[in-house]
Protein chains: 2
Amino acid sequence: MLTIGKLGEAARVKVPTIRYYEQIGLLPEAERSAGNQRLYGRKAMERLAFIRHARDLGFTLEAIRDLLSLSDIPDQSCAAADAIARAQLAEVESRLARLTALKAELERMVVQCAGGKIADCRVIEVLGDHSLCATDHRHPETELAQ
Amino acid sequence: MLTIGKLGEAARVKVPTIRYYEQIGLLPEAERSAGNQRLYGRKAMERLAFIRHARDLGFTLEAIRDLLSLSDIPDQSCAAADAIARAQLAEVESRLARLTALKAELERMVVQCAGGKIADCRVIEVLGDHSLCATDHRHPETELAQ
DNA sequence: CCTTGAAGCTATAGTTGCTAGAGACATTAA
DNA sequence: TTAATGTCTCTAGCAACTATAGCTTCAAGG
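## Examining the protein's contact with DNA strand C
Argument step 1. Looking at DNA strand C, there are 18 residues lining it, with Gly5, Arg19 and Arg38 of chain A together with Tyr21 and Arg55 of chain B nearest.
Argument step 2. Backbone atoms, meaning sugar and phosphate, form 89% of the atoms of DNA strand C found within 4 Å of the protein.
Argument step 3. At 3.0 Å from a phosphate oxygen of DNA strand C is found a side-chain nitrogen or oxygen belonging to Arg32 of chain A.
Argument step 4. Interatomic distance of 3.0 Å between a side-chain N/O atom of Thr17 of chain B and a phosphate oxygen of DNA strand C.

## Quick notes on the nonpolar core
Argument step 1. If you look at the biggest cluster of nonpolar residues, it comprises 83 residues, and the most contacted ones within it are Phe59 and Leu67 of chain A together with Phe59 and Leu67 of chain B.
Argument step 2. With near-sequence residues (within four places) excluded, Leu67 of chain A lies in contact with Phe50, Phe59, Ala81 and Ile84 of chain A together with Val123, Ile124 and Leu127 of chain B.

## Considerations on the side chain of Glu22 of chain B
Argument step 1. Mapped onto the secondary structure, Glu22 of chain B falls in helix α2 (residues 15-23).
Argument step 2. Excluding residues that lie within four positions of it along the chain, Glu22 of chain B makes contacts with Leu27, Pro28, Glu29, Ala30, Arg32, Arg38 and Tyr40 of chain B.

## Some thoughts on the confidence of the model for chain A
Argument step 1. This prediction gives chain A a mean pLDDT of 81; 85% of its residues lie at or above 70.
Argument step 2. When the elements of chain A are averaged for pLDDT, helix α6 (residues 122-128) of chain A gives the smallest value, 74, and strand β3 (residues 38-40) of chain A the largest, 97.

## Topic: the layout of surface pockets
Argument step 1. Here the largest pocket is characterised by a volume of approximately 530 Å³.
Argument step 2. What lines the largest pocket is a set of 25 residues, among which Arg42, Lys43, Ala44, Glu46 and Arg47 of chain B lie closest to the centre.
Argument step 3. Within the residue set of the lining of the largest pocket, elements represented by two or more residues are α6 of chain A together with α3 (42-56) and α4 (61-71) of chain B.
Argument step 4. Of all the elements, α3 of chain B adds the most residues to the lining of the largest pocket, at six residues.

## Description of the protein's contact with DNA strand D
Argument step 1. Near DNA strand D you find 18 residues, and of these Tyr21 and Arg55 of chain A together with Gly5, Arg19 and Arg38 of chain B are the closest.
Argument step 2. Within 4 Å of the protein, atoms of DNA strand D come from sugar and phosphate in 88% of cases.
Argument step 3. Within the side chain of Thr17 of chain A, an N or O atom sits 3.3 Å from a phosphate oxygen of DNA strand D.
Argument step 4. Interatomic distance of 2.9 Å between a side-chain N/O atom of Arg55 of chain A and a phosphate oxygen of DNA strand D.
Argument step 5. Contributions of two or more residues to the surface near DNA strand D are made by α2 (15-23) of chain A together with α1 (4-11) of chain B.
Argument step 6. The leading source of residues in the surface near DNA strand D is α2 of chain A, at three residues.
Argument step 7. Broken down by class, the residue content of the surface near DNA strand D amounts to four nonpolar, nine polar and five charged.

## Some points on the sheet that holds strand β2 (residues 31-32) of chain A
Residue and element names in this part refer to chain A.
Argument step 1. Strand order in the open sheet made by the three strands is β1-β3-β2, with antiparallel pairing throughout. Each edge of the open sheet carries a strand with a single partner, namely β1 (2-3) and β2.
Argument step 2. Direction of pairing for β1 relative to β3: antiparallel, over a ladder of two bridges. In the strand pairing of β3, Leu2 is matched with Tyr40.

## A word on unusual backbone geometry
Residues and elements named next belong to chain A.
Argument step 1. Positive phi, close to 55°, is recorded for Arg12, a residue that is not glycine.
Argument step 2. As for its placement among the helices and strands, Arg12 is situated in the loop between α1 (4-11) and α2.
Argument step 3. Owing to a relative accessible area of 38%, Arg12 belongs among the partly exposed residues under this scheme.
Argument step 4. You will see that Asn36, though not glycine, has its phi angle at about 75°, which is positive.
Argument step 5. Considering the arrangement of structural elements, one finds Asn36 in the loop between β2 and β3.

## A short note on α1 of chain B
All names here are of chain B.
Argument step 1. All of the buried residues along α1 are Ile4, Leu7, Gly8 and Ala11. For α1, the angular spread of buried residues about the axis comes to 100°, placing them on one side.
Argument step 2. Buried residues in α1 make contact with α2, β2 (38-39) and α3.
Argument step 3. The first or second residue beyond α1 is Arg12, which carries a positive phi of 50°.

## Digging into the side chain of Gln88 of chain A
Argument step 1. For Gln88 of chain A, the location among the structural elements is in helix α5 (residues 79-112).
Argument step 2. Of the residues examined, Gln88 of chain A reaches a relative accessible area of 8% and is grouped as buried.
Argument step 3. Filtering out sequence-adjacent residues up to four positions away, Gln88 of chain A remains in contact with Leu57, Gly58, Phe59 and Arg95 of chain A together with Leu106 of chain B.

## Remarks on α4 of chain B
Argument step 1. Inspection of α4 of chain B places Leu61, Ala63, Ile64, Leu67, Leu68 and Leu70 of chain B among the buried residues, and these make up the whole buried set.
Argument step 2. Structurally, α4 of chain B contributes buried residues whose contacts are with α6 of chain A together with α2, α3 and α5 (79-112) of chain B.

Here is what the cut-offs are and how they apply
- Residues numbered from 1 in each chain as written.
- Chains lettered and ligands numbered in written order.
- Predicted model: local features only at pLDDT ≥ 70, side-chain atom pairs only at ≥ 80, totals over all residues.
- Heavy atoms only, no water.
- Near = heavy atom within 4 Å.
- Polar contact = N/O pair within 3.5 Å; in protein donor to acceptor, adjacent residues only side chain to side chain.
- Core = buried A, V, L, I, M, F, W, Y, C linked by side-chain atoms within 4.5 Å.
- Buried < 20%, exposed > 50% of the residue type's maximum accessible area, 1.4 Å probe, protein only.
- Contact = heavy atoms within 4.5 Å.
- Helix = DSSP H or I, 4+ residues; strand = E, 2+ residues; numbered from the N terminus.
- pLDDT = per-residue confidence, 0-100.
- 1 Å grid on protein atoms, 1.4 Å probe; cavity = no way out; pocket = protein on both sides within 12 Å on 5 of 7 lines; lining within 4 Å.
- Points joined across faces, edges and corners; volume = space filled by probe spheres on them.
- Nonpolar A, V, L, I, M, F, W, Y, C, P; charged D, E, K, R; others polar.
- Pairing = 2+ DSSP bridges.
- Arc of directions from axis to C-beta.

Here it is as structure tokens:
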């Protein structure tokens, strides 16, 4: 049995984050030692690794909650899991496209900044004047996911 | 003079967001009409467009605050503005690299999911087993910016 | 056996960048 | 004039943590 610190180290998840996951019901309530400290076994370790990995891949905690509940009924079709993954893929692709455009614009800005005075600074100028911008901002609903 | 609604429409920024920017000091306190409604002129419009554009490019409000205060002293060197933009570019580049890797892994997951039962589902399996993962996760400090 | 320092506990509040709601007042068009 | 829309303030909520305070428990060294 691992204490919360060891578990966090093994799964590379911070201790308060583990407690937070328990609080929101993503991890079951842990067993406790005589002195009221949390103890974890292999199952908890695997579940946490799953969560960590899915977070790395950009899944929201809600999506992870769904995936975890799916994995609890192994006889069901995996169409739902596939759908969640596909949705995630689509989101990643759209973020990629957006970031690629941003990169191009930032590069233009930076390259053009010759190191003069603020009054002539391209960075400030480009930010101030939307018409100098190459990116298509006609769809304000596709905000950049930060 | 524009009311807050017209300003928001023109700059494509939502009304509560404008009030929020005023509250945190990114926009100066607006003039008021006889009936206590905010009124905006060209200067406020330009400042808001600057903010909007910088947000589109992924700058944090803190970075924008810095850029705005830089632009208030036009005789100063633009090195600081350049540095902020370069930092932003570096961040975008690292997010891009990370997202590209994620995309590859999600694609592998989705392609391999043949539509069987959960028990054999690659999506669940890949998420559960870190060793099946092609992405390099040895640097937990480079978290995915969401 | 005792002490000391690290690690654990709970509970609360803060972070970023907004967004939503309630209830009251202002403005505009029919 | 009246109804609809817009604006006002204030408070609370969202994701996904992170930090702080003040306490208890545990493991190792002397």
